[in-house]
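Structural overview
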Amino acid sequence: MQDELFAARDLTIALPGSQGSMIRIVENLSFSLAPREILGIVGESGSGKSMTALAIMGLIDVPGARITGSMLFKGQELVGLGARALRRLRGREIAMIFQDPMTALTPVHTIGWQIDEQIRAHESLSRAGARARTIDLLGEMGVPDPRRAADRYPHQLSGGLRQRAMIAMALSCNPSLLIADEPTTALDVTVQAQILDLLRRLRHNFGSSVLLITHDMGVVAETCDRTLVLYAGNVAERGPTGDIFAHPGHPYARALLASIPPLHGVRPSRLLSIPGQPPSPAERPAGCPFRPRCPQAHAQCEQTPPMVRRGEQDIACVLAAPEPVQA
Ligand SMILES: Nc1ncnc2c1ncn2[C@@H]1O[C@H](COP(=O)(O)OP(=O)(O)OP(=O)(O)O)[C@@H](O)[C@H]1O
Ligand code: SF4
Ligand SMILES: [Mg+2]
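Residues numbered from 1 in each chain as written. Chains lettered and ligands numbered in written order. Predicted model: local features only at pLDDT ≥ 70, side-chain atom pairs only at ≥ 80, totals over all residues. Heavy atoms only, no water.

Formally: UniProt positions are given in the numbering used here, feature names are shortened, and annotations may be inferred rather than shown by experiment.
Under an unreviewed UniProt entry, the name given to the protein is ABC transporter ATP-binding protein, and the source organism is Lichenicoccus roseus. UniProt annotates the protein under Subcellular location (unreviewed entry) with the comment "Cell inner membrane".

This is the structure we're talking about:
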């Protein structure tokens, strides 16, 4: 589609296992992102969310890893792209923020210095010019007194301010795509809401699309235009967030929704509504990967489920509806 900024088609990420085997961490993943859209990827721990993000960034550093399928960014194929070309895209076109800002910020320099450097790596600006831009950016990220904050070291800032500084750094080169991997998990609820609000505003202020990775359906509901539910490295369901919340088609999506805690309750760390754990990638069962935990599993689920289109939702479940479409 012409209006896609990014499109993954049949993306498969395999890592070397024991005795020469290859273990498929992510299988045949397809999704797309329009300009200025926020897409949520949601799934339990180990479902392959971070691996997918790292694959887009060209940052999977496991020897022997094999990435197949297609990832088109502005029409350019990222699968098989050389390290140099990928480096050029990173920071300039695609940037990533992490759960822990200290993975991106070094403790030995002020945050202002670090953002200045990032700006100067991509643009020929004087030190003073870069600093002016840094202060603007920190201000736009809602950092109070940005001039003073720029002179602080990361450990002198609160978790929320560090997260804002990291987002400022990621946005310093105006990326078209920002990947945010669990950016609010370590923050308290109030600061989390502020950071999510900031991400929502990026599309207007910076024209960026956001790929938001989370295990929290509450975060998805508040933030994402469309959602992809990942289970054991496979798409369980994808579609407009409102549709998935109104009528989830996949039993796993239903279970995830049932696990959303009340507004002021404690968020459960695992799915309370369905017993069991997701399989490890090496032990994924044949057929539907959700089969061992699915309350509706039956003999037909031993076959790979079709991807079924229902309205704008795609549901990888044999029970969803009669007409299969291509994954
Ligand atoms: N370097 C690695 N070598 C081998 N296996 C790995 C490596 N990194 C991740 N994996 C495996 O890949 C699978 C997906 O991991 P990934 O980190 O993408 O999960 P995730 O969905 O981001 O989980 P979380 O919510 O815990 O961050 C997991 O089973 C994990 O054990
Ligand atoms: S295909 Fe079968 S096992 Fe998988 S989610 Fe649907 S009913 Fe459950
Ligand atoms: Mg992760």
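Structural notes on a positive patch on the surface
Short version of the rule: The patches reported here contain residues having more than 30% relative accessible area and no salt bridge. Joining distances are 9 Å for like charges and 5 Å for nonpolar side chains (Val, Leu, Ile, Met, Phe, Trp, Tyr). Only the protein chains shown count as cover for residues, and the accessible areas themselves come from Shrake-Rupley with a 1.4 Å probe. A pair is scored as a salt bridge if a Lys or Arg side-chain nitrogen falls within 4 Å of a carboxyl oxygen belonging to Asp or Glu. Positive charges come from Lys and Arg alone, negative charges from Asp and Glu alone, with His and the N- and C-terminal ends not counted. A charged residue contributes its charge at one atom only: NZ of Lys, CZ of Arg, CG of Asp or CD of Glu. Here a helix means four or more residues in a row that DSSP labels H or I, a strand means two or more in a row labelled E, and each is numbered from the N terminus.
A surface patch of positive charge is lined by Arg84, Arg87, Arg88 and Arg92. By secondary structure assignment, the location of Arg87 is in helix α2 (residues 83–89).

Some details on the site of ligand 1
Rules: Throughout, near means a residue has at least one heavy atom within 4 Å of the molecule or strand. Any pair of N or O atoms that falls within 3.5 Å is considered a polar contact. Within protein, one atom must be able to donate a hydrogen and the other to accept it, and sequence-neighbouring residues count only if both atoms are side-chain atoms.
Neighbouring residues of ligand 1: 13 residues in total, closest Ser45, Gly46, Lys49, Ser50 and Met51. Within the side chain of Ser45, a nitrogen or oxygen atom sits 2.5 Å from an oxygen atom of ligand 1. The separation between an oxygen atom of ligand 1 and a polar side-chain atom of Lys49 is 2.8 Å. Summarising the interface, the protein chains cover 60% of the accessible area of ligand 1, which totals 640 Å² for the free molecule. Broken down by element, the residue count for the shell around ligand 1 peaks at three residues, all from helix α1 (residues 49–57).

Section: the site of ligand 2
Using the following cut-off: Polarity classes work like this: nonpolar for Ala, Val, Leu, Ile, Met, Phe, Trp, Tyr, Cys and Pro, charged for Asp, Glu, Lys and Arg, and polar for all others, with Gly in that last group.
The environment of ligand 2 is made up of His250, Pro251, Cys288, Phe290, Arg291, Cys294, Gln296, Ala297, Cys301, Cys317, Val318 and Leu319. In terms of residue class, the shell around ligand 2 is made up of nine nonpolar, two polar and one charged.

Structural notes on the sheet that holds strand β5 (residues 76–77)
Worth spelling out the cut-off: DSSP calls a pair of strands paired once it identifies at least 2 bridges connecting them. We call two residues in contact when some of their heavy atoms are within 4.5 Å. For helices, the fitted axis covers only the stretch in contact; all axes are lines through C-alpha atoms, and the angles between them, taken along N-to-C directions, range from 0 to 180 degrees.
With respect to topology, four strands assemble into an open sheet ordered β2-β1-β4-β5, the strand pairing being antiparallel. Single-partner strands in this sheet number two, and they are β2 (22–33) and β5. The strands touched by α1 within the sheet are β1 (6–16), β2 and β4 (66–73), with β1 carrying the most contacts at an inclination of about 110°.

Looking at the packing of aromatic side chains
Here is the rule we go by: Whether two aromatic rings pair depends on their centres lying within 6.5 Å, for rings of Phe, Tyr and Trp, where Trp uses its six-membered ring; planes under 30 degrees apart make the pair stacked, over 60 edge-to-face, and the rest tilted. Exposure is judged per residue with a 1.4 Å probe applied to protein chains only, and the accessible area is read against the type maximum: over 50% gives exposed, under 20% gives buried, and values in between give partly exposed.
Enumeration over the complete set of coordinates arrives at four aromatic pairs. Here Phe6 and Phe31 contribute two aromatic rings whose centre-to-centre distance is 5.7 Å and whose plane-to-plane angle is 35°, an arrangement assigned as tilted. Of this pair, Phe6 sits in strand β1 while Phe31 is found in strand β2, placing the two residues 25 residues apart along the sequence. Taken as a pair, Phe6 and Phe31 share a single burial class, namely buried. With a centroid separation of 5.0 Å and an interplanar angle of 80°, the aromatic rings of Tyr231 and Phe290 are classed as edge-to-face. With Tyr231 in strand β9 (residues 226–231) and Phe290 in the loop between α10 (251–258) and β11 (307–310), this pair connects stretches of sequence that are 59 residues apart. When sorted by exposure, Tyr231 lands in the same class as Phe290, which is buried. What links up through ring pairs into an aromatic cluster is the set Tyr231, Tyr252 and Phe290.

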